[in-house]
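# Structural characterization, general
The lines below spell out each chain.
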Amino acid sequence: MFKNLSERLTGIFDKLKSRGSLTETDVDLALREVRVALLEADVSLEVVKEFLEKAKKKAIGSKIVKSISPSQMVIKIVNDTLKEILGNKEEPINLKVTPPVIILMVGLQGSGKTTTSAKIAKKLKDKDKKKVLMSSLDVQRPAAQEQLATLGKQVDVSTVEIIKGEKPVKIADRSLEQAKKEGFDVLILDTAGRLQIDDELMTEVEDVSKAVNPSEILLVSDAMIGQESVNVAKEFNNKLKLTGIILTRLDGDARGGAALSMRSVTGCPIKLIGIGEKMEAIEVFHPDRIANRILGMGDVVSLVEEASETIKKEDAEKLDKKIKDGQFSLDDLSKQLGQMKKLGGIKGILSKLPGASKIQDQMNKSNIDDKVILKQQAIISSMTVEEKNNHKIIHASRKKRIASGSGTSVQEVNKLLKQYHTMLKMMKKYGNMDKKTLMRQGFGNMLPPGLQ
Ligand SMILES: Nc1nc2c(ncn2[C@@H]2O[C@H](COP(=O)(O)OP(=O)(O)OP(=O)(O)O)[C@@H](O)[C@H]2O)c(=O)[nH]1
Ligand SMILES: [Mg+2]
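If you're wondering where the values come from, they're calculated on a predicted model, not measured in any experiment.

### A few points about the pairing of strand β4 (residues 186-190)
Burial within β4 is extensive, with five of its five residues counted as buried. The alternating pattern of β4 places V186, I188 and D190 on one face and L187 and L189 on the opposite face, and all of these are buried. In this sheet, β4 lies alongside strand β1 (residues 101-106) in parallel orientation, the contact comprising five bridges. Across the sheet, the residue bridging to V101 is V186, located in β4.

This is the structure:
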């Protein structure tokens, strides 16, 4: 699985590595090759397009960090985009609903529904200590219900008694009744498969779904069938509102395109993967691990992450120095205000400070919100570079211009300048104070009176 794609991508990156520096054209060329590699891996065309758009945006937006090479940066970008396409984070089966949790398994014939039902049951029983009941609604294939019963015995999970001639909706109702009566935490409903999607099959599962209202409708899909599985997923999703996808046979040598396309095309998370015929051969789908497996570049990725961290540290040190030297400009102030916004705004920051509950009370009373920050940033951004670096030149006519440029008033500009001035004075006075306290007191100053 993913072997070819992995090899192709590694090849592309090897070529990049041998270059000293990287131009935009190089990046474009590399991404073009990535495109071919993805298409060859049977990733659907629309997903490839989306992938490239995302990667390009990231490439433009990312600043090249000194200590790493541009090719490493490209690897990191491709890795992050892969992760994003795959869904970023794990999505476990939702067990946080009123029991019994009802899981409906759907999919084409032979995709692995029955086997996966038993695998999930075993996992929920062993790992999550859940009391699980399974029921087969497959009245199409002879001995299908017996197959689930046998698997149930094998993994030591109860199955609902088979009554010959009973229709799927009826079996579902009876199973739910039993699950409730006997205090089961989870009910897994296995359904019949078809060679192709047909109306009869769809109506049957729709009826079951309406009857028992499952909290999970999981599409079991064979990773080996490639592109076609994406269309199947789309159709199932239109009719049934899937809550997740399970990809089976990821232990085979499929090209991997289905795995890469599924999430994007359906918007449904891939929750689990099947990696063999044994009852233990099921895993949570980890987008980052899969991305890593495809690229095989885990080292480079963590290297870039560390380097970016270092840059952040360097920025912080530069700011420290500016404060100590009394060089803290209005531009720096605006940047800090921006950071403040990122950290969750005034309320977010204040809530982390000691004694916050009292302040919060006051804040709620005085109706403060982050508009204060936005206004202050707007005022600063209406200043010229010269003004930002030297506030002393901001006299009456400039103030008027800044006020009208930022949609505020001269009084408000004055207020900001006064606050900034006090902040500067304080920074000079307490230049050697530890930075956190200083910033806290300095910013306290930016808040409206009553909260300082
Ligand atoms: N290698 C491998 N085989 C699997 C995996 N999942 C299921 N299988 C095998 O696929 C075959 C079909 O599995 P079933 O669970 O019967 O499939 P189904 O979807 O219930 O089939 P129908 O009920 O006929 O529609 C079985 O031989 C399973 O052992 C997997 O992840 N890897
Ligand atoms: Mg089956």
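Now that the structure has been shown, we can carry on.
### Brief notes about the environment of V34
Within the secondary structure layout, V34 lies in helix α2 (residues 24-40). Residues V34 and R8, 26 residues apart in the sequence, show an inter-C-alpha distance of 8.1 Å. Among residues more than four places away in sequence, those in contact with V34 are L9, I12 and V78.

### As for the site of ligand 1
The full set close to ligand 1 counts 20 residues, and G112, T114, T115, G193 and G274 are the nearest of them. Here the shell around ligand 1 gets three residues from one element, more than from any other, and that element is helix α5 (residues 113-126). When its residues are assigned to classes, the shell around ligand 1 shows three nonpolar, eleven polar and six charged.

### Thoughts on the sheet that holds strand β6 (residues 244-248)
A sheet is described by the order of its strands in space; here eight strands give the open sequence β3-β2-β4-β1-β5-β6-β7-β8, paired in mixed fashion. In this open sheet, the two strands that pair with only one neighbour each are β3 (158-159) and β8 (282-284). Sheet analysis places strand β5 (residues 216-222) next to β6, joined by five bridges and oriented parallel. The partner of S221 across the bridge, within β6, is L247. α5 rests against β1, β2 (132-136), β4, β5, β6, β7 (270-274) and β8 of the sheet, and its axis sits at about 170 degrees to β4.

Conventions we followed
- Along each chain, numbering runs from 1 in the same order as the chain's sequence is written.
- Note on labels: chains are lettered from A, ligands numbered from 1, in written order.
- Local features in a predicted model are, by the rule used here, given only for residues with pLDDT of at least 70; side-chain atom pairs are given and counted only at 80 or more, and totals for whole chains, interfaces and linings are based on all residues.
- A residue is called partly exposed when the number of other C-beta atoms within 10 Å of its own lies between 12 and 20, exposed at 12 or fewer, and buried at 20 or more, with C-beta atoms placed from the backbone.
- A helix here means a DSSP run of H or I that spans at least four residues, while a strand means a run of E at least two residues long, and both kinds are numbered starting from the N terminus.
- Each pair of strands is called paired provided DSSP finds at least two bridges between the two strands.
- Two residues form a contact once the distance between their C-beta atoms, set from the backbone, is within 7 Å.
- Near, as applied to residues and a molecule or strand, means the residue's backbone-placed C-beta atom lies within 6 Å of it.
- Each residue receives one of three labels: charged for Asp, Glu, Lys and Arg, nonpolar for Ala, Val, Leu, Ile, Met, Phe, Trp, Tyr, Cys and Pro, and polar for the others, Gly being one of them.
- For every element, the axis is a line fit to its C-alpha atoms; helices are fit only across the contacting stretch, and the angle between N-to-C directions ranges from 0 to 180 degrees.

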